[in-house]
Each structure stands twice: as C-alpha cells, then as structure tokens.
Amino acid sequence: MAFHTIWSVDLGKSALKAVKLRRDKNNIEILAIDKVDYPLTARGSVDGNEEAKEALSVFRARND
C-alpha cells in the first residue's frame, strides 16, 4: 500500500516535532509543521514517558 500523505514525528528530549508531507509523482510537498515543547526531566527521575504522552495528546488534538 502506497501512502501519499504522512506525518513524520520526532519525540525528542524536550519537544515533539512533526512535519506533514505529501508525495505527488516525483515531488514532495510540506503541508504542515507542528512542535509541542515539554520540560526536560531531571536526571535520576522517571523518564520522560509522561511528558511524551502529554505532547502526543496535544499534537493529536491540534492535528487530524
């Protein structure tokens, strides 16, 4: 199955970054860009899973 429109998502240490791309023949078009910042977690604390989950929820609410 070929996809013509996709979201590429990067869950980093302090932000979720995403770009929506569309392929049309041999061209790629950027349709949207989004960034959701979240605080850095302190060393030795629980990893940033909760922050990442919250960022994903915010991202999903903003984008279809």
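Below is a short write-up of the structure. (Residues numbered from 1 in each chain as written. Predicted model: local features only at pLDDT ≥ 70, side-chain atom pairs only at ≥ 80, totals over all residues. Heavy atoms only, no water.)

### Re the overall build of the chain
Looking only at helices and strands, the chain has one helix and three strands in total. Written out in order from the N terminus, the α and β elements of the chain read β-β-β-α. The buried share among the 64 residues of the chain stands at 17%. For the chain, contacts bridging at least 24 residues in sequence account for 29% of all contacts bridging at least 6. Counting every atom, the chain has about 5300 Å² of accessible surface; 52% of that belongs to carbon and sulfur. (Helix = DSSP H or I, 4+ residues; strand = E, 2+ residues; numbered from the N terminus. Buried < 20%, exposed > 50% of the residue type's maximum accessible area, 1.4 Å probe, protein only. Contact = heavy atoms within 4.5 Å. Areas by Shrake-Rupley, 256 points an atom, 1.4 Å probe, with all protein chains shown as cover.)

### Some remarks on a nonpolar patch on the surface
There is a patch of nonpolar side chains on the surface, built from Val 9, Leu 11 and Leu 56 and spanning about 220 Å² of accessible area. Among the structural elements, Leu 56 can be located in helix H1 (residues 49-62). (Patch = residues over 30% accessible without salt bridge, like charges linked within 9 Å, V, L, I, M, F, W, Y side chains within 5 Å. Salt bridge = Lys/Arg side-chain N within 4 Å of Asp/Glu carboxyl O.)

### Quick look at the environment of Asp 10
Note on placement: Asp 10 falls in strand S1 (residues 5-11). Separated by 25 residues in the primary sequence, Asp 10 and Lys 35 place their C-alpha atoms 9.5 Å from one another. Contacts of Asp 10, omitting those with residues within four sequence positions, involve Ala 15, Leu 16 and Lys 17.

### Digging into the environment of Lys 13
Take Lys 13: it is sitting in the loop between S1 and strand S2 (15-24). Judged by relative accessible area, which is 75%, Lys 13 ranks as exposed. Between the alpha carbons of Lys 13 and Tyr 38 there is a distance of 8.3 Å; along the sequence they are 25 residues apart.

### Describing the sheet that holds S2
Where strands meet in a sheet, backbone hydrogen bonds hold them as pairs that are either parallel or antiparallel. With respect to topology, three strands assemble into an open sheet ordered S1-S2-S3, the strand pairing being antiparallel. Edge positions in the sheet fall to S1 and strand S3 (27-37), since each has one partner strand and no second. Each strand axis lies, on average, 20 degrees off the axis of its neighbour in the sheet, ignoring direction. Both S2 and S3 contribute to a ladder of 10 bridges, which runs antiparallel. Bridge pairing in S3 places Lys 17 opposite Lys 35. (Pairing = 2+ DSSP bridges. Axes fitted to C-alpha atoms, helices over the stretch in contact; angles between N-to-C directions.)

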